[in-house]
Amino acid sequence: MSIKLYQNAANADENSLKNHQHILFVLSENKTESIPFEHILDTKLQRTKSEYKDLSSNPVTIDLPSGGLASFVVLNDSLNTFQRHTLLRKATKPLLEEKPESIALCTFGDTATREAHACAAYYVVTVNAAALPNRKKDAKSNQLKSVYIYGYQAEHDYNYVNARVAGNALCRQLTMTPPNELTPTIYRKKLADLANENGWQHEEFDMSALNKMGAGAFYAVGQGSEPQDAAIVHLSYQPADARKDIAIVGKGICFDTGGHNLKPAKYMLGMHEDMNGSAVAIGILLAASKMQLPVKIDCWLAIAQNHISPAAYKQNDIVTALNGMTIEIVHTDAEGRMVLADTLTLASRQNPDLIIDFATLTGSMITALGDRMSGVISNKPELACKAISAGTRSGERIVAFPYDDDFDSDLESDIADIKQCTIEGGGDHIHAARFLGKFVENDTPWLHTDLSSANRKGGLGALQSDTNGFGVGFGIEMLKMILEE
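Everything numeric in this text was worked out from a predicted model, so none of it was measured.

Colleague: Account for the sheet that holds strand S12 (residues 326-328), with residues named and values stated.
Modeller: Spatially, S11-S12-S16 is the arrangement adopted by the 3 strands of the open sheet, whose pairing is mixed. Two strands close off the open sheet at either side, each with one partner strand: strand S11 (318-320) and strand S16 (418-419). Taken together, the 2 bridges between S12 and S16 define a ladder with parallel strand orientation. Looking at S16, one finds that Ile327 is bridged to Ile418.

Written out as structure tokens, the structure reads:
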């Protein structure tokens, strides 16, 4: 997606907007300036028994005399990033539903307010204008081609915003791709193409290689599919001025049947999105590359399917992971922690400064938080605190959970070194983290992200689509905060 940006420091007036058919007015809570089409806005507010201050909770749209559509929203100074993005999403939705070729963003207030509002509005508009998979024969293909900003002119072209948008869009595009169009074979080819396009180093560990290496945890999941096309894919971005070395790990289960512990239809629907963690990791990698962040990123992607077949792994199997630990299989639908276990070992053996993993891992995290925010668990308490701050900055809210070792008693096995999970469930999001932590070597700082908010009906924060790309913005903010240390 390439959108042309035009910036004008002067306030918009009705004359300058006469050729615009889709206009967003982002207003400050203290109205000290005249607003174009104010008389029409006032008429609508009176008709709906509303006041100017109500625009801070309920944006309003009006039809213009020219036949255009305008949306008005007030952003109070007290709003955090998530709240600001949410209001802007609501305000821009009726504009974007008409598939416009251009949108005018008009900001008001003091200089600092205009700057913040212009940046936030530009992000919300452009991220929601990204093309997403749509197989309807009559789908509209019109794409947003230009954005006009009035009332503030930055000394840049919002390239850092464009980078985040590109990462989020790629994440959603991959996640929403139907499962017959994103098998492990196809996915691996897409990743190779992305590496070639962006100058990333690329290597793969296929099933044969993983078997020879002794990566039995990953292999146990991959062996149930035909063809056996699962693999751990390693992509690397290595700028010459790198100041940090970060590993990003993503769960890439292209479809999850649950295996022998087969999911019922209600819970299998949508399981093509169980690779969302890997899509988040790739989105972060793309955004960081476009931003040219001075950080080396090794992106490790556990690409597989969890299918049922005579060869599929089963309850009470004992498998040996890459680090030599034996695992007793308790539930075949807990495959995510199996493929991540060996992937985390590979990532940690390169001795990065930090590992961050992303996975749609447990139903219990959704039970704990719902689908409005995601949870993190870390082997270093300070990392969990940093993650909460990064979530606040990015508008992708994060909640930290404990990593206490007394949960290990629930994973004790009579026959193996560790149980994969418990059959009772309980605090499975914490059990999963305690399990995964056993495979992180060299005491590497590690942050586990359980993406309970990867899909929310009606959108979340800045995003209008149900599949929202949560984690890309948060991950970029984590990288930036680490570089600030």
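Picking up where we left off.
Colleague: Help me get a handle on the sheet that holds strand S5 (residues 102-107), residues and values and all.
Modeller: Pairing is mixed in the open sheet, where 6 strands are placed in the order S1-S6-S5-S2-S4-S3. The open sheet has two free edges, formed respectively by strand S1 (4-8) and strand S3 (60-63), since each of these has just one partner strand. The average undirected angle you get between the axes of adjacent strands in this sheet is 20°. In the sheet, S3 pairs with strand S4 (residues 69-75) via 4 bridges, with the strands oriented antiparallel. Within S4, the residue paired with Asp63 across the bridge is Leu69. Running over the sheet, helix H2 (residues 81-96) touches strand S2 (22-28), S3, S4 and S5 and is turned about 175° from S4. Strands in contact with helix H3 (residues 111-128) are S1, S2, S4, S5 and strand S6 (146-150); relative to S5, the strand with the most contacts, it is inclined by about 160°.

Colleague: Give me the packing of aromatic side chains: which residues, what numbers.
Modeller: When we look at a pair of aromatic rings, we describe it by the centre distance and by the angle of the planes. Counted according to the given criterion, the structure contains 10 aromatic pairs. Between the aromatic rings of Tyr158 and Tyr160, the centroid separation amounts to 6.4 Å while the plane-to-plane angle is 40°, which identifies the pairing as tilted. Seen from their ring centres, Phe358 and Phe474 are 6.3 Å apart, and the 75° between their planes marks the pair as edge-to-face. Residue Phe358 is found in strand S13 (residues 354-359), and its partner Phe474 is found in helix H14 (residues 472-484); the two are separated by 116 residues along the sequence. Given the relative accessible area of 1%, Phe358 is considered buried. Three or more aromatic residues link up through ring pairs in this structure, and these residues are Phe25, Phe37, Phe72 and Phe108. Looking at Arg434, its charged tip hangs above the ring of Tyr403, at a distance of 4.2 Å from the centre.

Colleague: Describe helix H13 (residues 428-437), listing the residues and the values that go with them.
Modeller: Most of H13 is tucked away, with 10 of its 10 residues classed as buried. Of all the positions in H13, only Asp428, His429, Ile430, His431, Ala432, Ala433, Arg434, Phe435, Leu436 and Gly437 are classed as buried. Against S12, helix H10 (335-348), helix H11 (363-369), strand S14 (374-378), S16 and strand S17 (446-450) lie the buried residues of H13.

Colleague: Describe in detail unusual backbone geometry, supporting the description with residues and values.
Modeller: Here the residue pair Glu226 and Pro227 is connected by a cis peptide bond, since its omega of 5° sits within 30 degrees of zero. One can find Pro227 in the loop between helix H7 (216-222) and strand S8 (231-237). A positive phi is found at Gln292, a non-glycine position, where the angle reads about 55°. Structurally, Gln292 is set in the loop between helix H9 (276-291) and strand S10 (295-306). On the basis of relative accessibility, which here comes to 61%, the residue Gln292 falls in the exposed class. Phi is positive for Asn351, which is not a glycine, with a value near 55°.

The rules behind the values
Residues numbered from 1 in each chain as written. Predicted model: local features only at pLDDT ≥ 70, side-chain atom pairs only at ≥ 80, totals over all residues. Heavy atoms only, no water. Pairing = 2+ DSSP bridges. Helix = DSSP H or I, 4+ residues; strand = E, 2+ residues; numbered from the N terminus. Axes fitted to C-alpha atoms, helices over the stretch in contact; angles between N-to-C directions. Contact = heavy atoms within 4.5 Å. Phe/Tyr/Trp six-rings, centres within 6.5 Å; stacked < 30°, edge-to-face > 60°. Buried < 20%, exposed > 50% of the residue type's maximum accessible area, 1.4 Å probe, protein only. Lys NZ or Arg CZ within 6 Å of the ring centre and 35° of its normal.

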